[in-house]
Amino acid sequence: WLATLLPFVLVPSYLVLASQIAITAIFAVSLDLILGYAGIVSLGHAAFFGFGAYTAGLISKAGWGEPFSGLLGAAVAAGVLGYVTSFLVVRVRHLTLIMITLGIGMLLFEAANHASGITGGNDGLQGVSIWPLFGRFDFDLYGYTAYAYALTVLFLVMLAARRIIHSPFGLSLRAIRENAT
């Protein structure tokens, strides 16, 4: 974890890239829980990540740019989407599961592209304005605040994942991987 602080000192001009790497690491941790521990192959996992990102962006575009509540809103929205799609996903196994998760991801991708009035379509969501972190630290082009924020969230996600893995629920995830019945 100390090595993750090195970009602040060694390559401060690459902090925007470093924050994108930290965000991708958050995605990788969530994918590790479902694939690595539960053994559930999901080719549509990015749909939940994107749905949460659009939720946070739309909340900000609507006038509420507070970063922590946007993150919480994104997590809740992705969780609700996961709950809704779970009724379809848990009924199938193997190749059918892979194809259904891929289909869900593709449906949401196309829905986001066709709802260009809401999502911006191929051009992306415009007009997102994030308020300063704690009312003091601006999100700027240099990426200092964004990287610190992404690292903090990554650290908290890693702690939560570790807690999940070592809990009875984590044991259930490993049991699903070993024997789905």
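Residue indices follow the written sequence of each chain, beginning from 1 at its first position. At least 70 in pLDDT is required for a residue's local features to be given in this predicted model, at least 80 for side-chain atom pairs to be given and counted, and no such filter applies to totals for whole chains, interfaces and linings, which use all residues. The side-chain numbers reported here are obtained from all heavy atoms of the structure, hydrogens and water having been left aside.

## Digging into a nonpolar patch on the surface
Stated formally: Here the term patch refers to residues with relative accessible area over 30% and no salt bridge, with like charges joined within 9 Å and nonpolar side chains (Val, Leu, Ile, Met, Phe, Trp, Tyr) within 5 Å. Accessible surface is estimated by sampling points in the Shrake-Rupley manner with a 1.4 Å probe; for residues, cover comes only from the protein chains shown. Definition used for salt bridges: Asp or Glu carboxyl oxygen within 4 Å of a side-chain nitrogen of Lys or Arg. With a 1.4 Å probe rolled over the protein chains alone, any residue whose accessible area is under 20% of its type maximum counts as buried; one over 50% counts as exposed, and the rest are partly exposed.
A grouping of Leu-35, Val-41, Leu-43, Leu-95, Met-99, Leu-102, Met-106 and Phe-109 is seen on the molecular surface, where their side chains present a nonpolar patch of about 730 Å² in accessible area. Note on Leu-35: relative accessible area 40%, which makes it partly exposed.

## Re the packing of helix 2 (residues 15-37) against helix 7 (residues 144-165)
Quick reminder of the rule: Axis definition: a line fit to C-alpha positions, over the contact stretch in the case of helices; interaxial angles, taken between N-to-C directions, run 0 to 180 degrees. Runs of E in the DSSP output that reach at least two residues are strands. Runs of H or I that reach at least four are helices, and both are numbered from the N terminus. Note on angle classes: values under 35 degrees are labelled roughly parallel, values over 145 roughly antiparallel, values of 65 to 115 roughly perpendicular, and the remainder oblique. Whether a crossing is left-handed or right-handed is set by the direction in which the near helix is turned from the far one by less than a right angle, anticlockwise for left-handed and clockwise for right-handed. Residue contacts follow a heavy-atom distance rule, with two residues in contact if any of their heavy atoms lie within 4.5 Å. Residues are sorted three ways: Asp, Glu, Lys and Arg are charged, Ala, Val, Leu, Ile, Met, Phe, Trp, Tyr, Cys and Pro are nonpolar, and all the rest, Gly among them, are polar.
It is at 8 Å that the axes of helix 2 and helix 7 come closest, and there the two elements cross at 15 degrees. In this view, helix 2 runs roughly parallel relative to helix 7, as classed from their interaxial angle. Helix 7 is crossed by helix 2, and the crossing has left-handed handedness. Residues Leu-15, Ala-18, Ser-19, Ala-22, Ile-23, Ala-25, Ile-26, Val-29, Leu-33 and Tyr-37 of helix 2 lie in contact with helix 7, whose contacting residues are Tyr-144, Ala-146, Tyr-147, Ala-150, Leu-151, Val-153, Leu-154, Val-157, Met-158, Ala-161, Ile-164 and Ile-165. For the contact of helix 2 with helix 7, a count of residues per class yields 21 nonpolar, one polar and no charged.

## Looking at the nonpolar core
Put simply, the rule reads: Residues enter a nonpolar core if they are buried and are Ala, Val, Leu, Ile, Met, Phe, Trp, Tyr or Cys, with the set joined through side-chain atoms within 4.5 Å.
By size, the foremost hydrophobic cluster in this structure holds eleven residues: Ala-22, Ile-26, Val-29, Leu-33, Leu-133, Tyr-149, Ala-150, Val-153, Leu-154, Ala-161 and Ile-165. If one sorts the elements of this core by residue count, helix 7 sits on top with six residues. Here Ala-161 is in contact with Val-29 and Leu-33, once residues within four sequence places are set aside. Of all hydrophobic cores here, the second largest spans five residues; its members include Val-89, Val-92, Leu-97 and Ile-100.

The analysis is restricted to geometry; functional conclusions fall outside its scope.
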